[in-house]
Amino acid sequence: MEADVELGAASPSTAMSEMDPVAYNRAVERYYDTTLDLYEELWGEHVHHGYWDPGKRPDADGADRHAATDRLVRELVDYARVPRGATVLDAGCGIGGPALYLAAALGCTVDGVTLSAPQAARANEKAEAAGLADRARFRRQDALATGCPDASFDVVWALESLMHFPDRAAFFAEAARLLRPGGVLAVGTWAVRDGTLDDQEQDLLGQILHHQVMPSFSSLAEHERLARQAGFTAVASMDWSAAVANSWDPGFAQIRQLEHGRAAMRELARDRGVDVLGFFYAGPLMQRGFQTGVMRYGAIRAVKPTTSAGRDRPA
Ligand code: SAH
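Each value, and the rule that gives it
Residues numbered from 1 in each chain as written. Predicted model: local features only at pLDDT ≥ 70, side-chain atom pairs only at ≥ 80, totals over all residues. Pairing = 2+ DSSP bridges. Helix = DSSP H or I, 4+ residues; strand = E, 2+ residues; numbered from the N terminus. Axes fitted to C-alpha atoms, helices over the stretch in contact; angles between N-to-C directions. Contact = placed C-beta atoms within 7 Å. Parallel < 35°, antiparallel > 145°, perpendicular 65-115°, else oblique. Nonpolar A, V, L, I, M, F, W, Y, C, P; charged D, E, K, R; others polar. pLDDT = per-residue confidence, 0-100. Near = placed C-beta within 6 Å. Expected span 1.5 Å × (residues − 1). Buried ≥ 20, exposed ≤ 12 C-beta atoms within 10 Å, placed from the backbone. Core = buried A, V, L, I, M, F, W, Y, C linked by C-beta atoms within 7 Å.

1. Quick notes on the sheet that holds strand 4 (residues 153–159)
With respect to topology, seven strands assemble into an open sheet ordered 3-2-1-4-5-7-6, the strand pairing being mixed. The open sheet terminates on both sides in strands that have one partner only, identified here as strand 3 (136–140) and strand 6 (233–239). Within this sheet the neighbouring strands show an average axis-to-axis angle of 15°, counted without direction. Bridge analysis of strand 2 (residues 109–114) against strand 3 gives five bridges, and the strand direction is parallel. Along strand 3, the bridge assignment pairs Val-113 with Arg-139. Packing against the sheet, helix 5 (residues 168–178) makes contact with strand 1 (87–91), strand 4 and strand 5 (179–192), and its axis sits at approximately 155° to strand 5.

2. A look at the packing of helix 1 (residues 21–43) against helix 4 (residues 117–129)
One way to put it is that helix 1 packs onto helix 4 with a least axis distance of 7 Å and a crossing angle of 45°. Classified by the interaxial angle, the pair formed by helix 1 and helix 4 is oblique. Touching Tyr-32, Asp-33 and Leu-36 of helix 1 are Pro-118, Gln-119 and Arg-122, all from helix 4. Partitioning the contact of helix 1 with helix 4 into residue classes produces three nonpolar, one polar and two charged.

3. Points about the confidence of the model for the chain
Segments scoring low in pLDDT should not have their predicted coordinates read at a detailed level. Averaged over all residues, the pLDDT of the chain is 87; the fraction at 70 or higher stands at 88%. pLDDT under 50 marks residues 1–13. Its contacts with residues more than four places away, or in other chains, come to 14 contacts. Within the model, pLDDT remains below 50 along residues 310–315, and this stretch shows ten contacts once partners closer than five positions in the same chain are excluded.

4. Side note on the site of the ligand
Around the ligand sit 24 residues in total, of which Gly-92, Gly-94, Ala-143, Ser-161 and His-164 are the nearest. Only helix 1, helix 3 (97–106) and strand 2 provide two or more residues apiece to the shell around the ligand. For the shell around the ligand, the leading source of residues is helix 1, giving three residues. The class makeup of the residues in the shell around the ligand is eleven nonpolar, eleven polar and two charged.

5. Description of helix 6 (residues 199–212)
When the terminal C-alpha atoms of helix 6 are compared, their 20 Å separation across 14 residues agrees well with the 20 Å that a helix rising 1.5 Å per residue should span. Looking at the buried side of helix 6, the elements it contacts are helix 11 (278–292). Following helix 6 by one or two positions, Val-213 adopts a phi angle in the positive range, close to 55°.

6. Side note on the pairing of strand 7 (residues 295–303)
Of all nine residues in strand 7, nine are buried, a share of seventy percent or more. Burial of the side chains of strand 7 extends over both faces: Met-295, Tyr-297, Ala-299, Arg-301 and Val-303 are buried on one face and Arg-296, Gly-298, Ile-300 and Ala-302 on the other. The pairing of strand 5 with strand 7 spans nine bridges and is antiparallel. Paired with Ala-186 across the strands is Arg-301, a residue of strand 7. Inspection of the sheet shows strand 6 paired to strand 7 by five bridges, in the antiparallel sense. Pairing of Ala-236 across the sheet is with Arg-301, part of strand 7.

7. As for the nonpolar core
Val-156, Trp-157, Leu-185, Ala-186 and Ala-227 are the most contacted members of the largest nonpolar core, which totals 82 residues. Of the residues forming this core, the biggest block, eight residues, is contributed by strand 5. When sequence neighbours within four positions are dropped, the list of residues in contact with Val-156 reads Leu-89, Ala-91, Ala-175, Leu-178, Leu-179 and Leu-185.

8. So, unusual backbone geometry
At Arg-81, a residue that is not glycine, the phi angle is positive and equals roughly 55°. With respect to the helices and strands, the residue Arg-81 is situated in the loop between helix 2 (63–80) and strand 1. A tally of 12 C-beta atoms within 10 Å means that Arg-81 is categorised as exposed. Of note, the phi angle at Glu-160 is positive, near 55°, even though the residue is not glycine.

The following block contains the structure:
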């Protein structure tokens, strides 16, 4: 007998924050293994938000989404001032969209790590196809355990991966270790508003965390604090919520099509396990999060000091 799949259920069963880090990383790995093709079909090679000018709406045919996700990478490059030809660790590389841009447009050499082996394989395939395999390599590896020596990189780049890290403080410390003095940390991340959250906000965030396999969210101020605590200097962040919120607009034809394809969703859940549905629940929840202002999105830049005396000097 086939078990029916309850598509309407959106309530978290196990709080992600209660899982031990190993089980938790496995859940993240499974999530990206099972949604690989879904993301590529809907979002293209970038598994992150798009960036629009204020007041601009996304086009209904979805084409604009790709321009917007490309743009977000360029915005982060500019904001973080990623130097041309830099040696980069891409911590949470997805299927390599951002890394291939860094390699092709900026001549960077990128070491990309992801928890998902199929993502790494797909990223390597894309690097080969683009003739960039000599400068962009991808592997399945925890970003907190790369095995790379101290001061290996000019840039540590983490685009929409920090939300998945159970120990965010450990990530900032590891990034500081991996960067050469003067090296740059570039982060784009989901965040929450500052201040105490009410029950409704907590409930909404709990659902997002559950469906997107994330342990917790931090505010941008908290990210900055963690960066300083890890020894970074010139720490700054910028709230990009208004520029990225369109990413969840149901006006995207492609998403609408899938949301209405409930039979297709049911089949997916049967084939791949019910967790795959988290992919579909994110849209309306994130939209509500941005509308109410509890969900935020930010870019963060920080610099590893060149000397301990230079800690607070701007880069
Ligand atoms: N940065 C990519 C992908 C973002 S999706 C892009 O912008 O397109 C989130 C990515 O973070 C996934 O590839 C996931 O495997 C990765 N990730 C999450 N936790 C990780 C960890 N501990 N170590 C390495 N990668 C991790």
